[in-house]
Amino acid sequence: MAGLKENGYKSLAAQIILAEEIATLYEVSCGYFKANSRFCIEKVPQVIQFERLQYVMPSTLGYIASHPEQLLPNATERGIRIGSRTYQPKKALSLQSTNSYDIYENRVILGFLRKMIDEVDQLRSQSNELLKKIPQEENYNADYIYSSFFMFAETRHTLENGIHQLSNLYDRYTRLWGMYQSIFHIPAEEIISEPKPTQIFLSVPQYNKVFVRIHQWSSFGVYSFEKEKHMLSFVKISSLYESYLLVKMLSYFTDHGYTLLSAKRCTYPVVASWKYQNTRCANTFNLSNGKSTITLYYQPVVFDTDRRKVNGIGLYRNNSIAVYTGEDDARRGGHYYTPDYIVKLDINGVSKYLILDAKFSDRNSVKSFYVKDLAFKYLFSISPIDVKDFVLGMCIIYGKCSERDSFESAYDKQMLPSAVVPIADLLPLIEGIAARDQNNKFDQLFKKLLG
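Not measured: the values here are computed from a predicted model. Sequence positions are assigned chain by chain, starting from 1 and proceeding in written order. Totals for whole chains, interfaces and linings use all residues, but because this is a predicted model, local features are given only for residues with pLDDT of at least 70 and pairs of side-chain atoms are given and counted only at 80 or more. Side-chain metrics in this entry use all non-hydrogen atoms of the structure; hydrogen atoms and water are not considered.

A. Examining the pattern of salt bridges more closely. We define a salt bridge as a contact between a side-chain nitrogen of Lys or Arg and a carboxyl oxygen of Asp or Glu at a distance within 4 Å. With the rule as written, the count across this model stands at 17 salt bridges. Of the charged contacts, one joins Lys 132 and Glu 129 as a salt bridge, the two residues approaching to 3.5 Å between their closest N and O atoms. On the criterion of helical spacing, the pair formed by Lys 132 and Glu 129 is a turn pair, its members being three residues apart in helix α3 (residues 104-132). Taking the relative accessible area as the measure of exposure, Glu 129 reaches 43% and is therefore partly exposed. A salt bridge links Lys 359 to Asp 357, with the nearest nitrogen and oxygen atoms 3.3 Å apart. The exposure class of Asp 357 is buried, given its relative accessible area of 4%. Because the salt bridges share partners, they merge into one network encompassing Glu 27, Arg 172 and Arg 175. Secondary structure elements are taken from DSSP: a helix is a run of H or I of four residues or more, a strand is a run of E of two residues or more, and numbering for both begins at the N terminus. Exposed residues in this analysis have more than 50% of their type's maximum accessible area, buried residues have under 20%, and partly exposed residues fall in between, with area computed by a 1.4 Å probe over protein chains only.

B. Structural context of the pairing of strand β13 (residues 350-359). Among the 10 residues of β13, seven are classified as buried, and the element is accordingly described as predominantly covered. Only when DSSP finds a minimum of two bridges between them are two strands counted as paired. The pairing of strand β12 (residues 341-347) with β13 spans seven bridges and is classified as antiparallel. Directly across from Tyr 341, in β13, lies its bridge partner Leu 356. Once β12 ends, the chain turns through two residues before running back antiparallel as β13, passing Asn 348 with a positive phi of about 55 degrees. The sheet contact formed by β13 and strand β15 (residues 390-398) spans eight bridges and is parallel. Residue Ile 355 lies in a different strand from β15, and its bridge partner there is Met 394.

C. Summary view of empty space enclosed by the protein. Points on a 1 Å grid, built from protein atoms alone, make a cavity when a 1.4 Å probe fits but cannot get out and make a pocket when they are open with protein on both sides within 12 Å along at least 5 of 7 lines; residues with an atom within 4 Å of a point are the lining residues. Grid points are joined across faces, edges and corners, and a volume is the space filled by probe spheres set on the points. In this structure the tally under the stated criterion is one cavity of 30 Å³ or more. Considered as a void within the structure, the largest cavity measures approximately 50 Å³ in volume. Around the largest cavity sit Tyr 268, Val 301, Val 302, Phe 303, Thr 305, Arg 307, Val 310, Asn 311, Ile 313 and Leu 315, which together line it. Looking at the lining of the largest cavity, the elements that each hand over two or more residues are β9 (302-303) and α10 (308-311). Amino acid classes used here: Ala, Val, Leu, Ile, Met, Phe, Trp, Tyr, Cys and Pro are nonpolar; Asp, Glu, Lys and Arg are charged; the rest, including Gly, are polar. Here the lining of the largest cavity is composed, by residue class, of seven nonpolar, two polar and one charged.

D. Inspection of the packing of aromatic side chains at higher detail. Note on ring pairs: Phe, Tyr and Trp rings are taken, using the six-membered ring of Trp, and paired if centres are within 6.5 Å. Classes follow the plane angle, with under 30 degrees stacked, over 60 edge-to-face and the rest tilted. Under the defined criterion, the tally for this structure stands at 23 aromatic pairs. Relative to Tyr 244, the ring of Tyr 241 has its centre 6.0 Å away and its plane inclined at 25 degrees; by these criteria the two rings are stacked. Of the two residues, Tyr 241 and Tyr 244 are both situated in helix α9 (residues 237-255); the distance of three residues between them amounts to about one turn of the helix. Among the aromatic residues, those joined into a cluster by ring pairs are Tyr 26, Tyr 32, Phe 33, Tyr 104, Tyr 180, Phe 184, Phe 201, Tyr 207 and Phe 211.

E. Highlighting helix α7 (residues 205-220). Helix span, expected: 1.5 Å multiplied by one less than the number of residues in the helix. The first and last C-alpha atoms of α7 sit 23 Å apart over 16 residues, in line with the 22 Å expected at 1.5 Å per residue. Those residues of α7 not exposed but buried are Gln 206, Tyr 207, Val 210, Phe 211, Arg 213, Ile 214, Trp 217 and Phe 220. Gly 221 sits one or two residues past α7 and shows a positive phi near 80 degrees.

Below is the structure:
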């Protein structure tokens, strides 16, 4: 089958190819089923001329008794005597042998057409819904263009082509449904599971071809759009910025002597009523330079209990106070925090933690609206579980910036030479800034962690 291998990569394009091949099979098979469909012999009640009647059944007598209009006077003595006259029916009811196409295999062939109409329409509707979610705005200011436009270009192209092809397929299957209904004149079998491998499906070539295609379609399943949904999880520019920073930090560490040892996806055990949703991508990255180990956590969960066994995070939330009124925390008490990143450095048996948060905002907005809340959450409300470990502090990385914006501390009233701890830094970073300047800013931040 073109475009799809067993247990191979599944895509919308592969499922469309399979649907087109199935439609083509039905189209070329229409003539065969019209002339050679399998059938069974059934006895069906039929009103026939009395002369053709071969045997009398109770229903025959019942029909004659209830249809006196069929009685004609008979000149002979043979017949039904009523008074002094005899009568003979003109027509009578009999069982006649007839070809019935209402067999399991034909019902499956028709039912699968109905299933294809519904599932092609479902795929088209899902594609339309996802296409609507792709952002239309291109610029956030005169200097920068949203990277999402480049990132989503292939997804948009795939969805638009898919919708066009699925619309054509829907029309083909609707037309085929009408054609096959006129051939069989039977009810369709609802296809819930794969059909039974009957003798007809296994031995009659044209039936077998359809049977194989039904199996292939069932094995594929209706495409879940996981790839497209994952891409569209970055529709908000803040989510795109978070992913951008994840890549930048991994590149920074590997450029500074660390080797990536593993990348895995940890599923955090959260309660269904919590707002947190586990990531679809890898969220835990382990790196080493031979002397120390760095673990970079993306969208981790810091619980209010010891959950080090979940993903090795030796931190806990130390209070249930809500930052914002009206939050779930305010009503029921908070149980966890989810920073954008945690960087853990393990060296000489000690774990140092640096908590990072990404904001696609400008400097003034970060200082006015985010610093105090994040300081409460990550500096006041998160503590190490092991007494020998410590939280170095936090850093807010913001993306609406220019080369003029510099790395700075949120403590703008420090008394030198001593430094306020834990740290609370602000780091401007965006792709429009020269790579050397980006690295210099990362150096200023991570030298506090790495030494």
